[in-house]
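Chains, contacts and geometry: an overview
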Number of protein chains: 4
Amino acid sequence: MSSIFGNKIKVSIFGQSHSQAIGVTIDGLPAGIKIDFDELQAFLSRRAPGNNEFSTPRKEADMPEFVSGLVDKTTCGAPLTALIFNKNQNSSDYKNIMDIPRPSHADYTAQVKFGGFQDVAGGGHFSGRLTAPLCIAGGIAKQILKQQGIEVFSHISSIKDVKDDEIDKVNPDLALLTKTVNKPFPVINDIQGEKMKETIILAKNNLDSVGGTVECIVTGVNAGIGEPNFDGLENRISSIIFGIPAVKGIEFGNGFDSTLLYGSENNDEYYYDNEKIVTKTNNCGGILGGISNGMPISFKVAFKPTPSIAKEQNSVSFKDKKNTKLVVKGRHDPCIVLRAVPCVEAAAAIAILDLI
Amino acid sequence: MSSIFGNKIKVSIFGQSHSQAIGVTIDGLPAGIKIDFDELQAFLSRRAPGNNEFSTPRKEADMPEFVSGLVDKTTCGAPLTALIFNKNQNSSDYKNIMDIPRPSHADYTAQVKFGGFQDVAGGGHFSGRLTAPLCIAGGIAKQILKQQGIEVFSHISSIKDVKDDEIDKVNPDLALLTKTVNKPFPVINDIQGEKMKETIILAKNNLDSVGGTVECIVTGVNAGIGEPNFDGLENRISSIIFGIPAVKGIEFGNGFDSTLLYGSENNDEYYYDNEKIVTKTNNCGGILGGISNGMPISFKVAFKPTPSIAKEQNSVSFKDKKNTKLVVKGRHDPCIVLRAVPCVEAAAAIAILDLI
Amino acid sequence: MSSIFGNKIKVSIFGQSHSQAIGVTIDGLPAGIKIDFDELQAFLSRRAPGNNEFSTPRKEADMPEFVSGLVDKTTCGAPLTALIFNKNQNSSDYKNIMDIPRPSHADYTAQVKFGGFQDVAGGGHFSGRLTAPLCIAGGIAKQILKQQGIEVFSHISSIKDVKDDEIDKVNPDLALLTKTVNKPFPVINDIQGEKMKETIILAKNNLDSVGGTVECIVTGVNAGIGEPNFDGLENRISSIIFGIPAVKGIEFGNGFDSTLLYGSENNDEYYYDNEKIVTKTNNCGGILGGISNGMPISFKVAFKPTPSIAKEQNSVSFKDKKNTKLVVKGRHDPCIVLRAVPCVEAAAAIAILDLI
Amino acid sequence: MSSIFGNKIKVSIFGQSHSQAIGVTIDGLPAGIKIDFDELQAFLSRRAPGNNEFSTPRKEADMPEFVSGLVDKTTCGAPLTALIFNKNQNSSDYKNIMDIPRPSHADYTAQVKFGGFQDVAGGGHFSGRLTAPLCIAGGIAKQILKQQGIEVFSHISSIKDVKDDEIDKVNPDLALLTKTVNKPFPVINDIQGEKMKETIILAKNNLDSVGGTVECIVTGVNAGIGEPNFDGLENRISSIIFGIPAVKGIEFGNGFDSTLLYGSENNDEYYYDNEKIVTKTNNCGGILGGISNGMPISFKVAFKPTPSIAKEQNSVSFKDKKNTKLVVKGRHDPCIVLRAVPCVEAAAAIAILDLI
């Protein structure tokens, strides 16, 4: 079930970086959902490359074509399939990957798993390009959730050692978050944003790359969503988030930092806010026992630095069975965190919609 | 599918802390596996409470009874079911939880989800006690993996701010690890271990609790295990690990720390070690594109401090619909990290066996 | 997923005919369902052997013990597990099956699949005894469905060439059906029932066996239940029904007979009965496009004659690698159709509850 | 999971009769399978309409476009997606279905399930047209199975009361079957075939329709394929077969006829044919306990008469809430059995490939 996610709503991703098309099928959407295509396109453009100096110059219009599942732009209960036809690929850039695997890419593992039959061009099915169909599904999931009062926001939380301000996990400022996610460089604190940009440009100029973290918050989820044990919110969200390339870690609430606190500091005490039971702090990230407690759901994701760097690296030649040098060609993002922000939102929206 | 994990091998956990029995059914085990019950019992005793001053004095023999799936202690291809009958419970300790939820426990979320019908005694199905059947399944999975040359080791990586030495991710010392996991307090560096114990005792004496991290390494996994996208090693391991109570984060390889490095620092360069392709570093934790690269698989898990503390806390009364104070009765681990170590191994073993 | 059925509600069957226990875990039941244990026991006794001359004299109390999932006889949201401990087995009867497979039993296929490690005693996991846990789950499912106005009835439709009256598929007589299912020999027409009994006794006296069909009707299912394509009512019901041993065919509505009609004869025309849309005939068995149309759901199941017969048969010896003769020892039902009637109800109830 | 079938190999069908495209994604195919597109096209043309007087004159080229999953016509391990773009639709024919449901079609059940948002044109997602993507997946599955020595053959077994010769279930004649399936009217006995044609034409001339049965045999499956309980060959094959529109029954081996035999007649006795264990008869259809016994797998499927008939029928008007008359417009097959033959092969091939 490697490329299919979900129980009630199944999201099936297909395509390779340079195949004729990439796309997604969503099975199980309720009928009667009118899709706002302008809003969807606006969401998709947040991950599209080629908009600025921080991402690959490869231009992708990323205009999906919907071939099934809709009548008059409204879901009809049948599986919804959307395609993005690939253009502007330059497969010749990737010829030597077949022989010399790029460090920290999936080239070698794909070679072993698929016995040399894998599509190497552009990373094939492992490409970050496959996050485009994920964002189509996620953008639709976001619209459905929004109708239920649920919103999903992400921002760049850090680039290397430069940190953005944190989202208030107890009382997130929706206006601020809405503004933040729509910035070309989605940070709360623009001064820190400028430092991040400098960090990225410095890496780029050094033929190198950097990583960072993305913080995500989901507001408006009622208490009682999720399941105990293996289908809890944390299980399901982490399960889809690790489907985004370059993710190496995830933490909910204050996550790894909670290990530094005493129980009395980390526990989120309850009180009545009028009729509603809320907590004073939100160290648990809105999740207890896998189930939402009505507070905002909060998590943070670690993205490793882009493995594609222009610097010469050591690798091996399968053919010659000996060590060799590799210079990765093609143009790559010196930092994929910027474009990963909407992907994190998309993944979270899909996971939560599937559980509701 | 909340209490069932796995695709090829399905592990189904059942029971509540104070129900007549807890147990596990494993569906899909190959036939003909002879189970070493002494080894299994030794593994289970690593998580059993009551062995020392750092865990709850509730004594659990945790001797599983196997009621199906075996002929002459050997798997027969039918689902294997093992039970642990509960004894020594004191349900009266939990009466007021029904009305006053313990902060950072699942009491409130269970109340909302199950409408007051949930079993509150001892945490019900959310109890850490449910990790006993997980360890039965995991202990069997470990035995099967070991026959294939795969071993799983975990140790306490930190308690609060006290850190153990790290496992060498490139060339782990199997003899050292074997010795470590079998220590009553499983750390590599016993001096640090003593400091950890002091930290725990201090918390306990303050009617408080602490958390920590567990590091896990899996050796002997060939390259090519795992799937792209949503069924990769990271997706599957995280999906089961978050089924262990109190887990709030997971990271693979150098995880969140990778975000602080340049790509040129973080990339794991390949070279031939005789005929075998290996990497100089193992920052990716043995996983690229969701698939093993033949290096040890490495990850770290964050456990929050035990939410059950003896200190008075603020909470609410459902019945009275107002704020109130709560003193949690019963005896609880001041730190569950110690007992979580074999649970992490069990979960990893199950996830990996399911993917092989 | 061989021994687990269901999507929303997962029924996991475990045990072998002669293992320490057989049982079932039901994951996903709503919390707050009070189980009527007397009614459940009455249902289970309908499939229990030893009640009459038509079934094996092996006595089974079949009193399930519930070890988890309940608080005060009411579901608590955690997986419900029930066990039946096996007694009164005589495994020595089965020793030669290990070498000489019984014709039309699963002995040979199990030998190939499980490489000689399978549990042969009493048919192991393939035994009809495993329908007891299916009936526990089904009996509970029936109680939940009944609270929603849905009832499931089955009767012996034929034994060899002796046929019972058919259920009226358009306006089934609930009082008649209730009476029928509770008869020791559940047929509508008792005269035909007597002929069936004679047929069974004749076969038994000839050291032979007979088969037959079971008709099932489900009343009170609203229109709109089921899914298109692969998760329709027919797909799901057939999928679980073929989990009952000895089933070789299933047909919905008028099934195979529909192939003998013209479309104009077979089509079920709609009309308004007051405010409700109903059909004049019910040849489709209440299912169109996999989805219920509000009419009773109707299907018929074919059970082959019991393969265990006392007559000498030809078979092979694995050990000697040559042809040999076999006389099956042990006491067996000369006709399993009688005891299969509640199993069909149980399976239907589980499949429908899972889809609702 | 309504439109997705399979565990190891997942087949996801999408599209509506008149949507922009219909298609299929196959996830989990092994890498390195070279697809013979000529053979695939020849297989697809067996279900294509418009070839003769027995099927709808709507012409469908049904040339699939493969947009992902292939490199040089060879599977690359990524999900394979193929599309057929719809042309030549005439949606205006279907306008009144929105108000007046066609008897024995899914119009009414879809209306209830999807609340009026369903795509009614051409039957939407319920259309027989969706068997085209099923046949793409099945045609590929057949090619993979053939490389393993497994072949799947179907023929028209009956049209109304006219019967074709039966396939020899013990020693099927592969040359005869190969010839049969490639006939424009796939029957073994052409004289009976002529009578069937006459039956269809008579029905057509009477503005009516007829149904029939399809017999399928799968040769070359080794003993040991399939699982006990709910994932046996019968469970899985029936589960996908009922995904083909108009199927109302399935039986394995001698199926319902087995209920008319004594156990001693129905049992398939074993003997050694040289080194190989075989059976003298094959009444079980090659399946015991859900697992193949090495004999040919045999089953028969009942197709109801096409519900779309040109005769005036009684129905209801949703809008007016009263009874009304309906004349179905559009051109429809007077008998869909002919075109269903390859669909049955496709479904069987997918189910078996998924279990191997």
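Preceding block: the structure.
Attention in this report is confined to the structure presented alongside it.

Calculation notes
Residues numbered from 1 in each chain as written. Chains lettered and ligands numbered in written order. Predicted model: local features only at pLDDT ≥ 70, side-chain atom pairs only at ≥ 80, totals over all residues. Heavy atoms only, no water. Pairing = 2+ DSSP bridges. Helix = DSSP H or I, 4+ residues; strand = E, 2+ residues; numbered from the N terminus. Contact = heavy atoms within 4.5 Å. Buried area = accessible area lost by both parts, 1.4 Å probe. Salt bridge = Lys/Arg side-chain N within 4 Å of Asp/Glu carboxyl O. Polar contact = N/O pair within 3.5 Å; in protein donor to acceptor, adjacent residues only side chain to side chain. Nonpolar A, V, L, I, M, F, W, Y, C, P; charged D, E, K, R; others polar. Buried < 20%, exposed > 50% of the residue type's maximum accessible area, 1.4 Å probe, protein only. Arc of directions from axis to C-beta. Least-squares fit on C-alpha atoms with pLDDT ≥ 70 in both. Axes fitted to C-alpha atoms, helices over the stretch in contact; angles between N-to-C directions. Disulfide = S-S within 2.5 Å. Parallel < 35°, antiparallel > 145°, perpendicular 65-115°, else oblique. Left-handed = near helix turned anticlockwise from the far one by under 90°.

Attention now moves to the sheet that holds strand S2 (residues 10-14) of chain C. Residues and elements named next belong to chain C. One open sheet accounts for 5 strands, arranged S1-S2-S3-S7-S4; its pairing is antiparallel. Each end of this open sheet is capped by a strand with a single partner; those strands are strand S1 (4-5) and strand S4 (65-68). In the sheet, strand S3 (residues 21-27) pairs with strand S7 (residues 80-85) via 6 bridges, with the strands oriented antiparallel. Its bridge partner lying in S7, Ala21 is registered against Phe85.

The interface of chain B with chain A comprises 97 residues on the first partner and 97 residues on the second. At the boundary of chain B with chain A, total buried surface from both sides reaches about 8100 Å², with 60% on carbon and sulfur atoms. Considering only the surface of chain B that becomes buried against chain A, Phe230, Lys248 and Tyr270 of chain B emerge as the three largest contributors, covering 11% of it. Note that Lys113 of chain A is salt-bridged to Glu227 of chain B, the shortest N-O span being 3.4 Å. Inspection of the chain B/chain A interface yields 46 residue pairs in polar contact (both at pLDDT 80 or more). In terms of residue count, strand S11 (residues 247-252) of chain B provides more of the side of chain B that touches chain A than any other element does, 6 residues in total. Counted by class, the side of chain B that touches chain A contains 44 nonpolar, 34 polar and 19 charged residues.

Residues and elements named next belong to chain D. Within the sequence span of helix H1 (residues 37-47), burial applies to Leu40, Phe43, Leu44 and Arg47. All buried residues of H1 lie within an arc of 100 degrees about the axis, which places them on one face of the element. The N-capping residue of H1, defined by a side-chain oxygen 3.1 Å from the backbone nitrogen of Asp38, is Asp36.

Least-squares fitting of chain D to chain A yields an RMSD of 0.0 Å, with the superposition described by an axial translation of 0.0 Å and a rotation of 180 degrees. Taken together, the rotation angle and the small translation identify this as a two-fold axis. Of all interface residues in chain D, 100% are interface residues in chain A too; the two copies therefore contact each other through one and the same surface.

So, on to the interface of chain D and chain A. Contact residues are listed per partner, giving 38 residues for chain D and 38 residues for chain A. With both chains or domains summed, chain D and chain A bury close to 2700 Å², and 64% of this area falls on carbon and sulfur atoms. There are 0 salt bridges connecting chain D and chain A. On inspection of chain D and its partner chain A, the count reaches 10 residue pairs in polar contact (both at pLDDT 80 or more). Among the secondary structure elements, those contributing two or more residues to the side of chain D that touches chain A are strand S2 (10-14), strand S3 (21-27), strand S4 (65-68), strand S5 (70-71), strand S6 (74-75) and strand S7 (80-85) of chain D.

Glancing now at the pairing of S2 of chain D. All names here are of chain D. In terms of burial, S2 is largely enclosed, as 5 of its 5 residues are buried. Burial along S2 is two-sided: Lys10, Ser12 and Phe14 and Val11 and Ile13, pointing in opposite directions, are all buried. Sheet topology places strand S1 (residues 4-5) next to S2; 2 bridges connect them, and they run antiparallel. Across the sheet, Phe5 pairs through a bridge with Val11, a residue of S2. Where S1 hands over to S2, the hairpin turn is made up of 4 residues, of which Gly6 adopts a positive phi near 115 degrees. Pairing between S2 and S3: 5 bridges, direction antiparallel. Paired with Lys10 across the two strands is Asp27, which belongs to S3. Counting the residues that bridge the hairpin from S2 to S3 gives 6 residues, and of these Gly15 lies at a positive phi of roughly 115 degrees.

What follows covers the relation of the copies chain B and chain A. Taken together, a rotation about one axis and a shift along it account for how the two chain copies relate. Superposition of chain B onto chain A requires a rotation of 180 degrees combined with a translation of 0.0 Å along the rotation axis, giving an RMSD of 0.0 Å. When the interface residues of chain B are mapped onto chain A, 100% of them again fall at the interface, so both copies present the same face.

You can see Pro184 of chain C is positioned in the loop between helix H4 (174-181) and helix H5 (190-205). Note: C-alpha distance between Pro184 of chain C and Ser308 of chain C (124 residues apart in sequence) is 23 Å.

Moving on, we get to the sheet that holds S3 of chain D. Residue and element names in this part refer to chain D. Within the open sheet, the 5 strands sit side by side as S1-S2-S3-S7-S4. Their pairing is antiparallel. Here the strands that pair on one side only, and so sit at the sheet edges, are S1 and S4. Docked against the sheet, helix H3 (residues 131-147) engages S2, S3, S4 and S7, running at close to 30 degrees with respect to S3.

The term disulfide refers to a covalent linkage connecting the sulfur atoms of a pair of cysteines. All names here are of chain B. Taken as a whole and assessed by the stated rule, the structure comprises 0 disulfides over all chains. Looking at Cys135, it has no disulfide partner, and the nearest cysteine sulfur is the one in Cys343, 3.9 Å off. Owing to a relative accessible area of 0%, Cys135 belongs among the buried residues under this scheme. Here Cys216 is not disulfide-linked; the sulfur of Cys343 is the nearest cysteine sulfur, at 12 Å. By relative accessible area, which is 0% here, Cys216 ends up buried.

Turning our attention to the packing of H3 of chain D against helix H8 (residues 337-355) of chain D. Residue and element names in this part refer to chain D. With their axes 7 Å apart at the nearest point, H3 and H8 run at an angle of 55 degrees to one another. In this view, H3 runs oblique relative to H8, as classed from their interaxial angle. Handedness of the H3/H8 crossing: left-handed. On H8, the residues that touch Thr131, Leu134, Cys135, Ala137, Gly138, Ala141, Lys142, Ile144 and Leu145 of H3 are Pro342, Cys343, Glu345, Ala346, Ala347, Ala349, Ile350, Ile352 and Leu353.

Before going further, it helps to spend a moment on the pairing of strand S8 (residues 151-159) of chain B. All names here are of chain B. A large share of S8 lies buried, amounting to 8 of its 9 residues. Here S8 runs beside strand S10 (residues 212-219); their pairing, made up of 8 bridges, is antiparallel. From the neighbouring strand, Ile159 faces S10, where its bridge partner is Gly212. Relative to strand S9 (residues 162-163), S8 runs antiparallel, the two sharing 2 bridges. Counterpart to Ile159 in the pairing with S9 is Val162.

Oppositely charged side chains may form a pair once their charged atoms are brought near each other. All names here are of chain D. Counting across every chain of the model gives 56 salt bridges over all chains. Note that Glu345 is salt-bridged to Arg46, the shortest N-O span being 2.8 Å. Linking Glu345 in helix H8 with Arg46 in helix H1, this pair joins segments that are 299 residues apart in sequence. A salt bridge links Glu269 to Lys280; its shortest N-O distance comes to 3.8 Å.

With that settled, the discussion passes to the arrangement of the chains. The two partners chain A and chain C share no contact, and the minimum distance between any of their C-alpha atoms is 8 Å. Chain B shows no contact with chain D. Their nearest C-alpha atoms sit 8 Å apart.

The phi dihedral of Lys73 of chain A falls on the positive side, at around 60 degrees, and the residue is not glycine. With respect to the helices and strands, the residue Lys73 of chain A is situated in the loop between strand S5 (70-71) and strand S6 (74-75). With a phi close to 55 degrees, Asp72 of chain D is a non-glycine residue in the positive phi region. Mapped onto the fold, Asp72 of chain D is located in the loop between S5 and S6. Residue Asp72 of chain D is classed as exposed on the basis of its relative accessible area, which comes to 66%.

Turning next to the side chain of Ser158 of chain C. All names here are of chain C. For Ser158, the location among the structural elements is in strand S8 (residues 151-159). Within the structure, the side chain of Ser158 is placed 2.6 Å from the side chain of Thr213, a separation counted as a polar contact. When residues no more than four places from it in sequence are discounted, the contact partners of Ser158 are Lys163, Met196, Gly211, Gly212, Thr213 and Val337.

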